[in-house]
Amino acid sequence: MATRYNSRMSDLNPAQLAAATHGDGPLLIIAGAGTGKTRTLVHRVAHLIERGVPPERILLLTFTRRAAQEMLGRVERLVGKACHHVQGGTFHATAHRLLRRYGAAAGVPSDFTIMDQEDSQDLMHMARVQLGYGDKTKRFPKKETLHRVYSRHVNTDIPVGTILADEFPQFAEFLPDITRIFADYTARKGTRNLVDYDDLLLFWAGMLESSPEVAARIAALYDHLLVDEYQDTNLLQARILRGLCRNHTNVTVVGDDAQSVYSFRGASFRNILDFPQQFEGTSVVTLEQNYRSSQPILDTTNTLISRARERFTKVLWTTRTGGDRPWLVTARDEDEQTRFVVDRILELYEGGTPLREMAVLFRAGYMSAAIEIELTNRKIPFEKWGGLRFLEAAHVKDVLAFLRVLENPRDEVSWYRILLLLPGIGDLTARSAIAAMAQAAWESSSFARYRAPARAHAAHASLVTLLDTLRTGDTAQTVSGDIARVRKLYDDILRERYDQAEPRLADLDQLETIAGGYPSRSAFLSAIALEPPSNTHDLAVGDHEDEDVLVLSTAHSAKGKEWDAVFLIWAVDGWFPTTRAINDDAGLEEERRLMYVALTRARHHLAVSYPLQVYGSRRGADYSVDQLSRFLDRGVREKMERVVVGTPDQAPIMPAPPPIVPIDLRALMRERFGTAESR
DNA sequence: TTTTGAAGTCTCTCC
DNA sequence: GACTTCAAAA
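Residues numbered from 1 in each chain as written. Chains lettered and ligands numbered in written order. Predicted model: local features only at pLDDT ≥ 70, side-chain atom pairs only at ≥ 80, totals over all residues. Heavy atoms only, no water.

Asks: Looking at this structure, I do not really get unusual backbone geometry. What am I missing?
Replies: The residue after Phe576, namely Pro577, is reached through a cis peptide bond having omega 10°. Checked against the element boundaries, Pro577 lands in the loop between strand E13 (563-568) and helix H26 (585-599). In the Ramachandran plot, Asn193 falls in the positive-phi region, its phi being about 65° despite a non-glycine side chain. Structurally, the position occupied by Asn193 is in the loop between helix H9 (175-192) and strand E5 (194-195). On the basis of relative accessibility, which here comes to 4%, the residue Asn193 falls in the buried class. The phi angle at Trp570 is positive, at roughly 60°, despite the residue not being glycine. (Helix = DSSP H or I, 4+ residues; strand = E, 2+ residues; numbered from the N terminus. Buried < 20%, exposed > 50% of the residue type's maximum accessible area, 1.4 Å probe, protein only.)

Asks: Help me understand the protein's contact with DNA strand B in this model?
Replies: Neighbouring residues of DNA strand B: 31 residues in total, closest Gln117, Arg363, Thr429, Ser557 and Arg580. When atoms of DNA strand B within 4 Å of the protein are split into backbone and base, the sugar-phosphate part holds 65%. For DNA strand B, a phosphate oxygen lies 3.2 Å from a polar atom in the backbone of Gly365. At 2.8 Å, a backbone N or O of Gly424 approaches a phosphate oxygen of DNA strand B. No other element matches helix H19 (residues 427-439), which puts 3 residues into the surface near DNA strand B. Of the residues belonging to the surface near DNA strand B, the class tally is 9 nonpolar, 13 polar and 9 charged. (Near = heavy atom within 4 Å. Polar contact = N/O pair within 3.5 Å; in protein donor to acceptor, adjacent residues only side chain to side chain. Nonpolar A, V, L, I, M, F, W, Y, C, P; charged D, E, K, R; others polar.)

Asks: Even after reading the chapter, I still don't get H9, so can you show me in this structure?
Replies: Because each turn of an α-helix spans 3.6 residues, side chains separated by three or four positions end up pointing in the same direction. Taking 1.5 Å as the rise per residue, H9 with 18 residues should run 26 Å; its terminal C-alpha atoms sit 25 Å apart, in good agreement. If you check which residues of H9 are buried, you get Ile178, Ile181, Phe182, Tyr185, Arg188, Lys189 and Arg192. Summarising the axial view, the buried residues of H9 lie within an arc of 125°, below the 170-degree limit, and thus occupy one face. Buried-residue contacts for H9 involve helix H6 (117-130), helix H7 (143-156), helix H8 (160-167), E5, helix H10 (197-210) and helix H18 (412-421). Asn193, located one to two residues past H9, shows a positive phi value of around 65°. (Expected span 1.5 Å × (residues − 1). Arc of directions from axis to C-beta. Contact = heavy atoms within 4.5 Å.)

Asks: What exactly am I supposed to notice about the nonpolar core here?
Replies: A general feature of soluble globular proteins is that nonpolar side chains tend to end up buried together. The biggest cluster of nonpolar side chains holds 67 residues, and the ones touching the most others in it are Val360 and Phe567. Ranked by the residues each element gives to this core, the list is headed by H26, at 7 residues. Other than its neighbours up to four places away in sequence, Phe567 contacts Phe340, Val341, Arg344, Ile345, Leu348, Ala359, Val360, Leu361 and Ala607. Counting 61 residues, the second-largest nonpolar core is a separate cluster that includes Phe91, Val108, Ile163 and Phe279. (Core = buried A, V, L, I, M, F, W, Y, C linked by side-chain atoms within 4.5 Å.)

Asks: I would appreciate a short explanation of the side chain of Asp333 in the present structure.
Replies: By the secondary structure assignment, Asp333 is in strand E9 (residues 327-333). At 3.0 Å, the side chain of Asp333 and the backbone nitrogen of Glu336 are in polar contact.

Asks: Mind showing me how you'd approach the packing of aromatic side chains here?
Replies: Two aromatic rings are characterised by how far apart their centres lie and by the angle between their planes. A full pass over the atoms with the stated rule returns 17 aromatic pairs. Ring centres of Trp415 and Phe447 lie 5.0 Å apart, and the angle between their planes is 40°; on these two criteria the pair is classed as tilted. One end of the pair, Trp415, is in helix H18; the other, Phe447, is in helix H20 (residues 446-449), with 32 residues separating them in the sequence. Ring plane angle 5° and centroid distance 4.3 Å describe the contact between Trp570 and Trp575, whose orientation is recorded as stacked. Within the aromatic cluster, the residues linked to one another by ring pairs are Phe63, Tyr262 and Phe264. Taking NZ or CZ as reference, Arg39 lies 5.0 Å from the ring centre of Tyr291, over its face. Lying across the ring of Tyr262, Arg265 places its NZ or CZ 4.7 Å from the centre. (Phe/Tyr/Trp six-rings, centres within 6.5 Å; stacked < 30°, edge-to-face > 60°. Lys NZ or Arg CZ within 6 Å of the ring centre and 35° of its normal.)

As far as function goes, none of this settles anything; it's purely spatial.
Laid out in structure tokens, this is it:
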């Protein structure tokens, strides 16, 4: 038994070995980028299993489902199929599983529906309108803002008033109104049997803190807890961990404060810094030897992150020698940038680097549009991670809404969405129908009994028929069968509503296919809310691991990954860092860490590019001259190789004299804070 | 009361 | 440059 695993352990360096074979008690692993963090965690799981810990009593919390699967796959290669029973997934998915099983005991009905972010915002909107904040006498926060404040409050425990004062001072005066809306929002979720993302965590923490019997049962499920990417967890998640540590303190967390990039959802690298205080007797292991990147790349990224205000000091080093310096590519404009990236990709490909070993990274999803077009033209296969998602498309959400009201007749958000689709029904009719159903305690035939106005008779009748068919066929029917039936009604509406119907109909075909893989409607609905397919390839059946496809990804979605060659595009001030963060120290620091994450993905080749001139309407201008990202300061640039493509001194092709737009600080301030200029 | 057209907003990151 | 929201017409 020990032989197999001992031989595997020889792959590890002393620090990794110490972490992997750590006994009981809390363990904090500070792991710099590319230092074999995953390898260490994988070996630790293997070690625990070999030591006799039952796999099903190990809980591995990761940032994405993909990360969990990848790790468990590697554990399997070490210890065999025993690891199949290791519990794993995201915090949210784990919370979901536990709530379905133990929620009832803690007062949470087990048949709830999960709302995604947009649903939550819609429900927030309903609360807002209901309470009479719809009229525009004064500037009042929109549903997105309301939801953001709410979510931050739940995840960080920061009082709503403080959040408003810090981040939305222009809305601070509305605190009492906002509090009322939040109260109504919460009540609505309760009566409609809806649960948002934050509730999943909140109820999990609640089960552990308020109900001793349930808490004991849940805490007794696991002997060892392991958490990956701990720098991206928030206070609520830390509370959950503490709650799980009733009977033992066998909790291992791994993270890198320099890679904390999710503060927008309440994460704080404080969690890492405070871990030793929260768990007494913590052992700390630091991993500093980098196995990923060449020395010149490391020199560049080390310099970049050395500018950070506050961090654990650790300098990554490698024994690898040689390698090219990263390129800093100045392109005349976006076209030149695109051409450079695609040409270089082909060059590397000709040289033997598979497409799968290359990635193009950017700050936000929409920045890859030009590259996508060019790749399509040149017939280079790619997949895109992050950015706008398939499931967020309006037509997909429409179809899902039908399934959701079947699953949860009290789902007000979905009812409203469906009703508005029907000809002859608008806002008012939809609300009155919903009110009638609420009156009838959401009894399933109450919609059929609703007396629709004359012009909506036909629509009402066909919807009643459809829902009846779907309800009665319940037992024998498949989820994709349900969707097919919904589409008999919906496809016509879709053609009516959208200009380019064809690609949208194709999306629905795909949805039908995915649904085929799920045993029940509720399993399907929960799964797609918690683990949405992250790229178009995930949607197709089967695995595509072996396919040779280039990756386009947001910097966020690239975290935890690595490639032989990495291209970071749009390294322009105002894009990366985004303008939103420029007046905010903490935001700027996070942007810097995000760029650090992006650049440290590269093993051998790294190119950072930025176009000098941008055409098109950005703040109303036809044209602007851009500056290199402030993060690539002189010290960083000295570690890089400068490359110029296009002819930058050539006069730009454009109408009229160049209306160069300086950043108007006053306008920005006015936008942020209303009228006052001082601050 | 719904629908349609036009002005206005605001750009992100993810479970 | 896309999507939402607001206002007028059917």
